[in-house]
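So the chains spell out like this:
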Amino acid sequence: MPEATGVLVVGDSIDGELSPTSRELLAVGRRAADDLGEELAISLLGDTLDVPSQQAIAFGADKVYAVTHPLLAEAQVELSLAALDSLCREAAPRVVLIGRTNEGRELAPRLAFRLGVGLAQDCLEVSIDQETRTLLANRPVYGGNAVAVVSLAYTPQIAAVRPKVYEPADPDSSRQGEVVSFPVELDDSQARSRVVNTVQEEAEGIKLEDARIVVSGGRGLGGPEPFQDLEELAKLLGGAVGASRAAVDSGWVPASYQVGLTGKTITPDLYITVAISGASQHLAGCSGSKVIVAINKDAEANIFKEARYGVIGDWEQVVPAFAEAVRELTQD
Ligand SMILES: Cc1cc2nc3c(=O)[nH]c(=O)nc-3n(C[C@H](O)[C@H](O)[C@H](O)COP(=O)(O)OP(=O)(O)OC[C@H]3O[C@@H](n4cnc5c(N)ncnc54)[C@H](O)[C@@H]3O)c2cc1C
């Protein structure tokens, strides 16, 4: 491989637009590239050169690799892997940033294995150690009870970064960059699995990940019915409903509601927890919220350590009263 330089973001697009995760990675990648004094590139895979290159440049990329092959028309992990393996060998980035999305979780370890290097999984934060010019990655360990800072011994240094922990930069349409066509050799036999069907999850209202206000319920609700009250409150506030793992594991709400280490990471402006104790694994998914409001009957509950505002009380009294107050305020 040539001498390693620069930061490569493994990007993707949705309906011709750069995905939100790619935008976030470009923001953190830009910072890392500037600290290294090197270039920030992004790879966008597809069957044609028609990738959102200008958008990627506006969000911070210096270079866009349009990685093309007719077989890349649809996302297929083994083919994407083979394409990225070729690109990494040719472009020799010092640092590779991948979003820890469902696809990224499959891709990152396999890419690291192919390149014979390590991987920092599930990173909450990445930065550059200026002295050693290596990547430092903060990642939760011991079930989210501690955060380890790791550095990687081999190049490229690959990190899978959690979505929603970085804000995308404001796009600057006057930025200039280079678009490099990177056709790859692929063979249909490299694909060991096939996508036979894609099912769009039916979701009413605002998506949990995108909501500015989230109301989450926990085990203390005692059953699935009270989630109706939370749905109502969330609707009044223009928000979405989430849940702790205990509520999900009890079958009260679908797994897509789960916030936390093994659920979704969310960063709403306002996060209201109802009958949630505030276990570290739950907080791992919501501690980036701007304001946390906790409703819990136990004054000693851990959630009150994280919450800006707390109501010590029974949710059965607090939630209806709160909803009523919101109704009065919003009806004026
Ligand atoms: C590897 C691993 C990964 C995990 N991942 C996640 C994750 O992604 N997300 C997650 O949430 N958890 C996760 N967990 C589980 C986590 O450790 C906790 O067990 C879980 O978050 C507890 O959920 P809870 O707060 O709803 O329930 P509890 O801890 O049982 O708390 C219920 C709370 O409700 C309060 N309460 C009870 N009745 C009322 C009432 N009437 N009014 C008001 N308050 C009331 C109680 O005081 C209590 O604080 C994980 C655990 C492990 C080991």
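Being a predicted model, the structure only gives us computed values, none of them experimental.

### Observations concerning the environment of L26
Then comes step 1: Mapping L26 onto the fold places it in helix α1 (residues 20–36).
Then comes step 2: Residue classification places L26 among the buried positions, given a relative accessible area of 0%.
Then comes step 3: Once the C-alpha coordinates of L26 and V10 are considered, the two residues, 16 residues apart in sequence, prove to be 9.4 Å apart.
Then comes step 4: Excluding residues within four positions of it along the chain, L26 makes contact with V9, L18, L40, I42, A56, F59 and A61.

### Thoughts on helix α9 (residues 315–331)
Then comes step 1: The first and last C-alpha atoms of α9 sit 23 Å apart over 17 residues, in line with the 24 Å expected at 1.5 Å per residue.
Then comes step 2: Buried residues of α9: W315, V318, V319, A323 and V326, and no others. For α9, the angular spread of the buried residues around the axis is 125°, confining them to a single face. For α9, the exposed residues lying more than 90 degrees away from the buried face are E316, Q317, E328 and Q331.
Then comes step 3: Lining the buried residues of α9 we find α5 (226–237), β15 (270–274), β16 (291–296) and β17 (309–312).
Then comes step 4: Two to three positions downstream of the cap, the backbone nitrogen of E316 sits 2.9 Å from a side-chain oxygen, assigning the N-cap of α9 to D314.

### Things to note about the domain arrangement of the chain
Then comes step 1: Splitting the chain by domain gives domain 1 (7–190) and domain 2 (213–331).
Then comes step 2: Its C-alpha centre places domain 1 at a distance of 33 Å from the equivalent point of domain 2.
Then comes step 3: The contact between domain 1 and domain 2 buries some 650 Å² in all, and 41% of this surface belongs to carbon and sulfur atoms.
Then comes step 4: The three residues of domain 1 that bury the most area against domain 2 are G143, R162 and K164, which together make up 59% of that side's buried surface.
Then comes step 5: Viewed at the interface, domain 2 and domain 1 are joined by zero salt bridges.
Then comes step 6: Remark: the boundary between domain 1 and domain 2 carries two residue pairs in polar contact (both at pLDDT 80 or more).
Then comes step 7: Of the residues that constitute the side of domain 1 that touches domain 2, the class distribution is three nonpolar, three polar and three charged.

### Quick word on the sheet that holds strand β6 (residues 95–99)
Then comes step 1: Here we have seven strands laid out as an open sheet, ordered β7-β11-β6-β1-β4-β5-β12, and parallel in their pairing. On the outer flanks of this sheet lie β7 (119–123) and β12 (178–183), each paired with one strand and no other. Adjacent strand axes in the sheet meet at a mean angle of 20° when their direction is disregarded.
Then comes step 2: Bridging between strand β5 (residues 63–68) and β12 involves six bridges; their strand directions are parallel. Pairing of K63 across the sheet is with E178, part of β12.

### Here we look at the sheet that holds β16
Then comes step 1: The strand order across the open sheet formed by five strands is β14-β13-β15-β16-β17, and the pairing between neighbours is parallel. At either end of the open sheet lies a strand with only one pairing partner, and these are β14 (240–243) and β17. The mean angle between the axes of side-by-side strands here comes to 20°, regardless of whether they run parallel or antiparallel.
Then comes step 2: Set on the sheet, α5 makes contact with β13 (213–217), β14 and β15; between it and β13 the angle comes to about 170°.

What counts, and at which threshold
- Residues numbered from 1 in each chain as written.
- Predicted model: local features only at pLDDT ≥ 70, side-chain atom pairs only at ≥ 80, totals over all residues.
- Heavy atoms only, no water.
- Helix = DSSP H or I, 4+ residues; strand = E, 2+ residues; numbered from the N terminus.
- Buried < 20%, exposed > 50% of the residue type's maximum accessible area, 1.4 Å probe, protein only.
- Contact = heavy atoms within 4.5 Å.
- Expected span 1.5 Å × (residues − 1).
- Arc of directions from axis to C-beta.
- Polar contact = N/O pair within 3.5 Å; in protein donor to acceptor, adjacent residues only side chain to side chain.
- Domains from an automatic or database assignment.
- Buried area = accessible area lost by both parts, 1.4 Å probe.
- Salt bridge = Lys/Arg side-chain N within 4 Å of Asp/Glu carboxyl O.
- Nonpolar A, V, L, I, M, F, W, Y, C, P; charged D, E, K, R; others polar.
- Pairing = 2+ DSSP bridges.
- Axes fitted to C-alpha atoms, helices over the stretch in contact; angles between N-to-C directions.

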